[in-house]
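So you can see what is in the structure, the chains are spelled out below.
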Amino acid sequence: MKYMAILKHTTSKNSNYNDALFYLLFEHDGYTMKPVLDEKGKMVRRQSYLLDGMNCNPFTYAEECRELNEQYHKNQTPGEIKAHHYIISFDPHDQDECGLTAERAQAIGMEYAQKNFPGHQAIICTHTDGHNSSGNIHVHIVINSLRKLDVEPQDFMERPCDSRAGYKHHQTRSLLTYLQKSLMEICNREGLHQVDLLTPSENKITEREYWAQKRGQEALDKTNEEVVAFGLTPAKTRFQTQKQFLRDAIADVSRTATSFEEFQKVLWENYSIRVTDKNVRYSYLHPERNKNMTERVLGTDYGKEHLMKLFEENLLAMQSRATGEPPEHLEVQQGTAQNARTDSNAEPTSSSIFVEPLPDYAAIFFVKSDLHLVVDLQNNVKAQQSRAYMQKVKLSNLKQMAQTVAYVQEQGYDSREDLRASYEEIVGKRNEARKTLRATEDKLKAVNEKIHYTGQYLSNKKTYGEMLKAKNKKKFRQEHSSEIALYESAVKFLKEHSPDGKIPSMKSLQQEKESLTIRRKAQQETYQYFKDYAKELKTVCANVDAILDAPQAKESERTKPHEIS
């Protein structure tokens, strides 16, 4: 990870304030955050650090914080935030190119703490050993959440009590923005490397995700060592967080996609990722999650604005290859694939090209919506008992009816019969997918059973072989009756359930299990897809019935057939 005067903030509910001091003075493991011990079991002091206190002695920081908390009867319960921890991480190049030293960084940290956390007890400590092994100088500022002294009100304080003793540090998004600006101003003044902390990151990888990836990779490497030792080939060697899986998939598909429709379709087909256009942003659903992610957590390179530009560039490049003209001489046809489908009779000019219509599979492609059933007010007991609740439900019903009408219009359904036919088709696909999934699950169950008996066979094979060599086989069998019985039952089962009547190898069974597991996961995703789709169409059908069968619709139904559009 690269650090360029980055500000990090965490909170602590630990009532033992000495733990923060020990972390600053002694070496800790980067993964477990536990102290590093020497051969005598004692904590190892950090090789280089500078330590100062603000409104307290740094070595009696814990005692002074506890005394202040007792004085104001604050920070006495486990759920309260006891301390705030800020870390200023400087760019490693600041040392060689900008003359940054530990003493200079400590002075910056003291200035920053006095300016932004006035009245608080704080310990300021500079480390030169590199945060997260990056080799950079960084400053820790740990403050007691309770203010000790009255101070003059500052512009960044949002409440009158934020300047008074006995009140707690109030961390808000606007305060964090102010603190980032304050750090940028100091770095610019000192001539240090700096990035705009207020501009969203193109590839937003938080420290939490960084360490999750690190721990996941180590766990995967350890598992792969066992797999290789067993004689198998690891299924994967690179661990990905869910966020990184989305980033890689989006980057891969966006390199060639020329429209949102194509982007949406390929993401689903290749990666089982559902993407929704929420007007102002794209929202992505990881195959193993129930909650969507947006560019806010992934980075701006995965947002709608950036990707729309890529789609236009890709389309221009496609036009350039088709016409032989440079991309700057071409114009993107507005609407891309959507216009191509609605105006298929228009003749393309020499400087424009339409995207080919989607294949038949697109007819069953859907993005899960937030449609809900229209509530039957006539039979709803709570609505009959509460007028306020009835009004609330009426408004909700109107919203759901409007969304339902918009849904059927967008999908191109012309009648109840068309909608019902579509629903029945998807139900059929759902049932077929469920049947296929159950067949695979049955096979996987059978393979697991074979693995169980093969293990039982292998673990008792030696004992059975010793019995065959024993001089008194009857006595040996009596002494090892349980092991021999397990061996013989395993052999009987394996021969009965093997096509050729032979004992299968553990390696082949493990490979078969791995293959079936992958197949089952894919089939589960397919089944869940059609299950969600069928559920959504069922809701649409019910809502359409509620709309067309409503009292105000009865009169019109006598004079014309049911039409949805």
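All of these numbers come straight from a predicted model, not from anything done at the bench.

Thresholds applied
- Residues numbered from 1 in each chain as written.
- Predicted model: local features only at pLDDT ≥ 70, side-chain atom pairs only at ≥ 80, totals over all residues.
- Heavy atoms only, no water.
- Patch = residues over 30% accessible without salt bridge, like charges linked within 9 Å, V, L, I, M, F, W, Y side chains within 5 Å.
- Areas by Shrake-Rupley, 256 points an atom, 1.4 Å probe, with all protein chains shown as cover.
- Salt bridge = Lys/Arg side-chain N within 4 Å of Asp/Glu carboxyl O.
- Helix = DSSP H or I, 4+ residues; strand = E, 2+ residues; numbered from the N terminus.
- Buried < 20%, exposed > 50% of the residue type's maximum accessible area, 1.4 Å probe, protein only.
- Phe/Tyr/Trp six-rings, centres within 6.5 Å; stacked < 30°, edge-to-face > 60°.
- Lys NZ or Arg CZ within 6 Å of the ring centre and 35° of its normal.
- pLDDT = per-residue confidence, 0-100.
- Contact = heavy atoms within 4.5 Å.
- Axes fitted to C-alpha atoms, helices over the stretch in contact; angles between N-to-C directions.
- Parallel < 35°, antiparallel > 145°, perpendicular 65-115°, else oblique.
- Left-handed = near helix turned anticlockwise from the far one by under 90°.
- Nonpolar A, V, L, I, M, F, W, Y, C, P; charged D, E, K, R; others polar.

**Q** Give a description of a nonpolar patch on the surface that names residues and reports values.
**A** A cluster of nonpolar side chains, Phe22, Leu37 and Met43, forms an exposed patch at the surface whose accessible area comes to about 250 Å². Tracing the chain through its elements places Met43 in the loop between helix H1 (18-25) and strand E2 (49-54). Note on Met43: relative accessible area 32%, which makes it partly exposed.

**Q** Can you tell me about the packing of aromatic side chains, naming the residues and giving the values?
**A** Across all of its chains, the model carries 16 aromatic pairs by this definition. Geometrically, the ring pair formed by Phe245 and Tyr271 is edge-to-face, given 6.1 Å between the ring centres and 80° between the ring planes. Linking Phe245 in helix H7 (residues 242-254) with Tyr271 in helix H8 (residues 260-271), this pair joins segments that are 26 residues apart in sequence. Connected via pairs of aromatic rings, a cluster forms that spans Phe260, Phe263, Tyr282, Tyr284 and Phe311. Sitting over the ring of Tyr23, Arg46 keeps its end group 5.2 Å from the ring centre. Here the basic side chain of Lys74 rests over the ring of Tyr167, its NZ or CZ set 5.3 Å away from the ring centre.

**Q** Explain the confidence of the model for the protein chain to me, and be specific about the residues and the numbers.
**A** Averaged over every residue, the pLDDT of the protein chain is 79; residues scoring 70 or more account for 80%. Confidence over residues 332-366 falls short of pLDDT 50; this stretch has 55 contacts with residues more than four positions distant or in other chains. Residue range residues 551-565 is modelled with pLDDT below 50. Its contacts to residues more than four positions away, or to other chains, number 19 contacts.

**Q** Go over the packing of helix H14 (residues 416-469) against helix H17 (residues 506-548), please, and point to the residues and values.
**A** Running from N to C, H14 and H17 point in directions that differ by 155°, and their axes come no closer than 7 Å. As summarised for this structure, H14 and H17 are arranged roughly antiparallel, according to the angle between their axes. H17 is crossed by H14, and the crossing has left-handed handedness. Among the residues making up the contact of H14 with H17, the classes are represented as 22 nonpolar, 11 polar and 15 charged.

**Q** Got a sec to walk through the pattern of salt bridges? Specific residues and values, please.
**A** The final tally for this structure, using the stated rule, is 14 salt bridges. Its salt-bridge partner being Arg66, residue Glu63 comes within 3.8 Å of it at the nearest N-O pair. Placement of the pair is Glu63 and Arg66 together in helix H2 (residues 61-72), with a separation of 3 residues, close to one helical turn. The partner of Arg274 in a salt bridge is Asp532, and the shortest N-O contact between them spans 3.5 Å. With a gap of 258 residues between them, Arg274 in strand E6 (residues 274-277) and Asp532 in helix H17 connect regions that are remote in the sequence. Its relative accessible area of 11% is what places Arg274 among the buried residues. For Asp532, a relative accessible area of 11% gives the class buried.

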